[in-house]
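# Close look at the chain arrangement
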Amino acid sequence: MARRPVSSIDHNLGVVRQTIICAAGLLGGLTIGATIVYLSGLWHEFGAVLKTPLDSMTKSDLIVVAATVVVVFGCGWVGARWGIQRAARIEI
């Protein structure tokens, strides 16, 4: 019969700390991306584009939407990678 691994409070708190660091990196990256979009002026154009129906969007409207999505999710991805790298340094 296999033994069940013993779980300690320190082990569980290490896992919780790693999860919090990863989530903080992701949220920080998304916040930075949204701030970049807001400061660049894409935010107002993005809001105006979202009010138009999808079938009447022009290519420039689609480029605005794509640029906004790429910037925000790209910064979120970089933030998540940063959080994962920092969390991997924590010993459990």
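Anything mentioned here points back to the structure above.
Here the structure is a predicted model, which is why all the values come from computation and not from measurement. The residue count restarts for each chain, going from 1 along the sequence in the order it is written. It should be noted that, the model being predicted, local features are given only for residues of pLDDT at least 70 and side-chain atom pairs only at 80 or more, the latter also being counted only at that level, while totals for whole chains, interfaces and linings use all residues. Only hydrogens and water are removed before side-chain values are computed, so all heavy atoms of the structure are retained for them.

### Examining the nonpolar core
Where we set the bar: We call a set of buried residues a nonpolar core when its members are Ala, Val, Leu, Ile, Met, Phe, Trp, Tyr or Cys and they connect through side-chain atoms within 4.5 Å of each other. The classification of residues rests on relative accessible area computed with a 1.4 Å probe and restricted to protein chains. Under 20% of the type maximum is buried, over 50% is exposed, and intermediate values are partly exposed. Secondary structure elements are taken from DSSP: a helix is a run of H or I of four residues or more, a strand is a run of E of two residues or more, and numbering for both begins at the N terminus.
Among the nonpolar cores identified, the biggest contains 6 residues, and these are Val37, Leu42, Val49, Met57, Val64 and Val72. Looking at this core, the elements that each hand over two or more residues are α2 (42–50) and α3 (59–88).

### With respect to a nonpolar patch on the surface
Stated precisely, the cut-off is as follows: Like charges within 9 Å and nonpolar side chains (Val, Leu, Ile, Met, Phe, Trp, Tyr) within 5 Å are joined into patches, using only residues over 30% in relative accessible area that form no salt bridge. Note on areas: these come from Shrake-Rupley sampling with a 1.4 Å probe, and a residue is covered only by the protein chains present in the view. Counted as salt bridges are all cases of a side-chain nitrogen of Lys or Arg within 4 Å of a carboxyl oxygen of Asp or Glu.
Taken together, the side chains of Tyr38, Leu39 and Trp43 present a nonpolar region at the surface, about 380 Å² in accessible area. With respect to the element layout, tryptophan 43 can be found in helix α2. For tryptophan 43, a relative accessible area of 42% translates into the label partly exposed.

### Focus on helix α1 (residues 9–40)
For clarity, the cut-off: Helix span, as expected, comes to 1.5 Å for every residue beyond the first. Residue contacts are defined here by distance: any two heavy atoms, one from each residue, within 4.5 Å place the two residues in contact.
Taking 1.5 Å as the rise per residue, α1 with 32 residues should run 46 Å; its terminal C-alpha atoms sit 46 Å apart, in good agreement. Regarding α1, the residues found buried are Gly14, Gln18, Gly25, Gly29, Gly33 and Val37. Lining the buried residues of α1 we find α2 and α3.

### Structural notes on the packing of α2 against α3
The condition is simple: For every element, the axis is a line fit to its C-alpha atoms; helices are fit only across the contacting stretch, and the angle between N-to-C directions ranges from 0 to 180 degrees. The scheme is simple: roughly parallel for angles under 35 degrees, roughly antiparallel for over 145, roughly perpendicular for 65 to 115, oblique for anything else. In this scheme, a crossing is called left-handed if the near helix is turned counterclockwise away from the far one by less than a right angle; it is called right-handed if the turn is clockwise.
Taken N-terminus to C-terminus, the directions of α2 and α3 make an angle of 125 degrees; their axes are 9 Å apart at the nearest point. Between α2 and α3, the crossing angle belongs to the class labelled oblique. With respect to the hand of their crossing, α2 and α3 are arranged in left-handed fashion. Side by side, α2 and α3 meet where Leu42, Glu45, Phe46 and Val49 of the first sit next to Asp61, Val64, Val65, Ala67 and Thr68 of the second.

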